[in-house]
Amino acid sequence: MKITLNGKQIEVNPGEYLLSVIRREGIEIPALCHHDAVEPVGACRLCIVEITRPEWEGWSRLVTSCLYPVEEGLIVETHSKLVSDTRATLLDMQLARCPDAEIIQKWAKEYGIEKTSFPVREDADKCILCDICVRICNAVGRYAIARTSRGIEKVVAVPLELGEDQACIGCLSCAHACPTGAIEWKEDSNTRTIWGLTFTLEKCPVTGEVLGTPQQLDHFAKKAGLSRDYFTKSDKAHKHETAKKFVKII
Amino acid sequence: MSKINEISTPPPAHDFSKLEQILNRYPREEASLIMILQDIQDEYRYLPCDVLIETAKALNLPKSTVFSVGTFYKAFSLQPMGRHNIKVCMGTACHVRGAVMVLEAFQRELGLEHTGTTEDLEFTLETVNCVGACGMAPVVVIDEKYHGEVQPDRVKKMIKKGGK
Ligand code: SF4
Ligand code: FES
Ligand code: FES
């Protein structure tokens, strides 16, 4: 299957999304709600591209590349004037929402925006509501966080008030996947705190390395179908043990 | 940053008898969630946290899903609503014909600064934008009953009668 990307004919695989083709070709566009580990949802709209076909007779339209499957003969522009202008407006709005998010600042600058032309959100955090954290948490199998409320009040939250036993296991998957670094967490030598919940940390008895929270290790052992014992030592300790056995054998 | 503290905690109801009946009305599947939440809202006049947890368990849904849906729709409330619901129309027609004064009269009589629920949980005061009865502006809807051409001096009586 062939498409034309920024004037160049290229071979693509049926079923793949435009965004992965664009990235493979080394073209950089912002795609902040995209994460390889989870299904795309098209929340940020920044990955828009302009598409057309010869039979459309000059007519074209904007689509989110992260959600648009390749089609034979499609003509795609990633940086046409329409795309750039629209992307700039989106980034302008994102900057008003999250003025402190470095990745937004970086992209906005690239599209000629140093300062937002919209009123800046009061008490702004760095969350752009891309939904990656929620999708990642669901993929991990915990369903601990969710979008709550709606409209301008919408936030990602843990239903903390809904009872003591929380689904969150303190694994930090959400925080690591967040494109803007919006999810705050902290760790000292014995505890880890995220989403307002504090977990004690389990350490490797051999090397003293932090292994994670007991809840996290329980969950991953169960999910991987491995013995929980395997998760009570660090990789290093495991390697060391294997090496010792190996030495004994020879 | 986790915004957990900014979302109000629905107080528990410590009473699951009504929930039992509600749950029995619908198939135990995700598609029933909104209908069940609507019935909970009707029976408890809000969504109590313990009732939500039980609902999640009964439907085998994550608590976060129930919480997400429960906070999305305006029809649901996380705080107990008053026994009587007063909606003062602030739409254009009502506004022109003195809705602001009507609203102020309700606020004065109920001891509320803005809108919301009185401490004794008798009344919840809300504003709405046009209820489609502009001909009888200013309009106040009390427990589904429409009152037209409401004058501020009638408000006291309306409250006394509990909306009847
Ligand atoms: S916290 Fe981060 S990952 Fe989650 S929705 Fe906000 S920006 Fe996206
Ligand atoms: S990456 Fe496509 S809409 Fe966000
Ligand atoms: S403006 Fe009040 S009923 Fe239309």
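Worth saying up front: this structure is predicted, and the values here are computed from it rather than measured. Residue positions are given per chain, counting from 1 as you read along its sequence in written order. All chains are assigned letters beginning at A, and all ligands numbers beginning at 1, according to the order in which they are written. The predicted nature of this model means local features are confined to residues of pLDDT at least 70 and side-chain atom pairs, given and counted, to a pLDDT of 80 or more, with totals for whole chains, interfaces and linings taken over all residues. Remark: hydrogens and water are excluded; side-chain values derive from all non-hydrogen atoms of the structure.

A. Geometry of the overall build of chain A. Helix and strand labels come from DSSP, where a helix needs a run of H or I of at least four residues and a strand needs a run of E of at least two; each type is numbered from the N terminus. Within chain A one finds seven helices and 12 strands. The C-alpha atoms of chain A give 23 Å as radius of gyration, which overshoots the globular expectation for 250 residues (18 Å, by more than 25%). Considering only C-alpha atoms, chain A reaches an extent of 70 × 55 × 30 Å along its principal axes. Classification of the 250 residues of chain A by burial places 46% in the buried group. Looking at chain A alone, contacts between residues at least 24 apart form 51% of all its contacts between residues at least 6 apart. The globule rule used for comparison is 2.2 Å times the number of residues to the exponent 0.38, while the radius of gyration itself is calculated over C-alpha atoms. For the exposure calls, accessible area comes from a 1.4 Å probe over protein chains only, and a residue counts as buried if that area is under 20% of its type's maximum, exposed if over 50%, partly exposed in between. In what follows, a contact means two residues having at least one pair of non-hydrogen atoms within 4.5 Å.

B. Highlighting helix H2 (residues 33-44) of chain B. One less than the number of residues in a helix, times 1.5 Å, gives the span that helix is expected to have. Taking 1.5 Å as the rise per residue, H2(B) with 12 residues should run 16 Å; its terminal C-alpha atoms sit 16 Å apart, in good agreement. Of the positions making up H2(B), those classed as buried are B:Leu33, B:Ile36, B:Leu37, B:Asp39, B:Ile40, B:Gln41 and B:Tyr44.

C. Examining the sheet that holds strand E3 (residues 123-128) of chain B more closely. Residues and elements named next belong to chain B. Pairs of strands are assigned from DSSP output, requiring at least two bridges between the strands. Reading across from one edge, E2-E3-E1-E4-E5 is the order of the five strands in this open sheet, with mixed pairing throughout. The sheet is open, and its two edges are formed by strand E2 (116-117) and strand E5 (145-147), each paired on a single side. Here an angle of 0 to 180 degrees is reported between the N-to-C directions of two axes, which are lines fitted to C-alpha atoms, with helices fitted over the stretch in contact. Each of strand E1 (84-89), E3 and strand E4 (140-142) touches helix H6 (residues 99-110); the most contacted strand, E1, lies at about 150 degrees to it.

D. Main features of the packing of aromatic side chains. Aromatic rings from Phe, Tyr and Trp, with only the six-membered ring used for Trp, were paired whenever their centres fell within 6.5 Å, and each pair was classed as stacked if the ring planes differed by under 30 degrees, edge-to-face if by over 60, and tilted otherwise. If you walk through the whole model with that rule in mind, you get four aromatic pairs over all chains. Aromatic pair B:Phe72 and B:Tyr73: ring centres 4.9 Å apart, planes at 80 degrees, arrangement edge-to-face. Note on B:Tyr73 and B:Phe76: the rings are 6.0 Å apart at their centroids and 85 degrees apart in plane angle, and the pair reads as edge-to-face. Taking the relative accessible area as the measure of exposure, B:Tyr73 reaches 36% and is therefore partly exposed. Ring pairs connect the aromatic residues B:Phe72, B:Tyr73 and B:Phe76, which therefore count as one cluster. Comment: the charge-over-ring label is applied if NZ (Lys) or CZ (Arg) is within 6 Å of the ring centre and within 35 degrees of the ring normal. In this arrangement the basic side chain of A:Lys106 is found over the ring face of A:Trp107, its NZ or CZ atom lying 4.2 Å from the centre.

E. The arrangement of the domain arrangement of chain A in detail. Where each domain starts and ends follows an automatic or database-derived domain assignment. Parsing chain A into structural domains produces domain 1 (2-110) and domain 2 (201-250). Centre-to-centre, using C-alpha coordinates, domain 1 of chain A lies 42 Å away from domain 2 of chain A.

F. Expanded view of the site of ligand 1. Proximity is defined per residue: if any heavy atom of the residue lies within 4 Å of a molecule or strand, that residue is considered near it. Contacts to ligand 1 come from 13 residues, most closely from A:Cys127, A:Cys130, A:Asp131, A:Cys133 and A:Cys178. Residues are sorted three ways: Asp, Glu, Lys and Arg are charged, Ala, Val, Leu, Ile, Met, Phe, Trp, Tyr, Cys and Pro are nonpolar, and all the rest, Gly among them, are polar. Considering only residue class, the shell around ligand 1 consists of 11 nonpolar, one polar and one charged.

G. Fine view of the sheet that holds strand E5 (residues 75-77) of chain A. All names here are of chain A. One open sheet holds the five strands; their spatial order is E2-E1-E5-E3-E4, and the pairing between them is mixed. The open sheet has two edge strands with one neighbour each: strand E2 (8-11) and strand E4 (61-64). Direction aside, neighbouring strands of the sheet carry axes that sit 35 degrees apart on average. Here four bridges tie strand E3 (residues 48-52) to E4, and the two strands are oriented antiparallel to one another. For Val 49, the partnering residue across the bridge sits in E4 and is Val 63. Along the sheet, helix H2 (residues 81-97) makes contact with E3, E4 and E5, crossing E3 at roughly 155 degrees.

H. Up close: unusual backbone geometry. Following B:Ala137, the chain continues to B:Pro138 via a peptide bond in cis, the omega torsion being -10 degrees. If you trace the backbone, B:Pro138 turns up in the loop between E3 and E4. Unusually for a residue other than glycine, A:Glu57 sits at a positive phi of about 50 degrees. Looking at the secondary structure, you find A:Glu57 in the loop between E3 and E4. For B:His14, which is not glycine, the phi torsion reads 55 degrees and is therefore positive. Judged by relative accessible area, which is 67%, B:His14 ranks as exposed.

I. Representation of the packing of H2(A) against helix H3 (residues 102-110) of chain A in the model. Residues and elements named next belong to chain A. Packing of H2 against H3 leaves a shortest axis separation of 9 Å and a crossing angle of 145 degrees. Viewed along their axes, H2 and H3 form a crossing whose handedness is left-handed. Packed against H2, whose contacting residues are Leu 91, Gln 94 and Leu 95, the element H3 presents Ile 104, Gln 105, Trp 107 and Ala 108 at the interface. A per-class count over the contact of H2 with H3 returns five nonpolar, two polar and no charged. Left-handed describes a crossing whose near helix is turned anticlockwise from the far helix through less than a right angle; right-handed describes the clockwise counterpart.

J. Examining the pattern of salt bridges more closely. Residues and elements named next belong to chain A. Salt-bridge detection follows one rule: a side-chain nitrogen of Lys or Arg within 4 Å of a carboxyl oxygen of Asp or Glu. Counted under the stated rule, the structure contains 17 salt bridges over all chains. Notably, a salt bridge pairs Lys 2 with Glu 11, separated by 3.3 Å at the nearest N-O pair. Of the charged contacts in the structure, one is a salt bridge between Glu 55 and Arg 53, with a shortest N-O distance of 2.9 Å. In the salt-bridge network here, residues are joined through shared partners; they are Arg 53, Glu 55 and Glu 71.

K. Spatial organisation of the pairing of E3(A). All names here are of chain A. The element E3 is largely enclosed, with a buried count of five among its five residues. Judged by which residues are buried, E3 turns out to be covered on both faces: Ile 48, Glu 50 and Thr 52 on one side and Val 49 and Ile 51 on the other are all buried. One ladder, built from three bridges, connects E3 with E5; its direction is antiparallel. Its bridge partner being in E5, Thr 52 is matched across the sheet by Ile 75.

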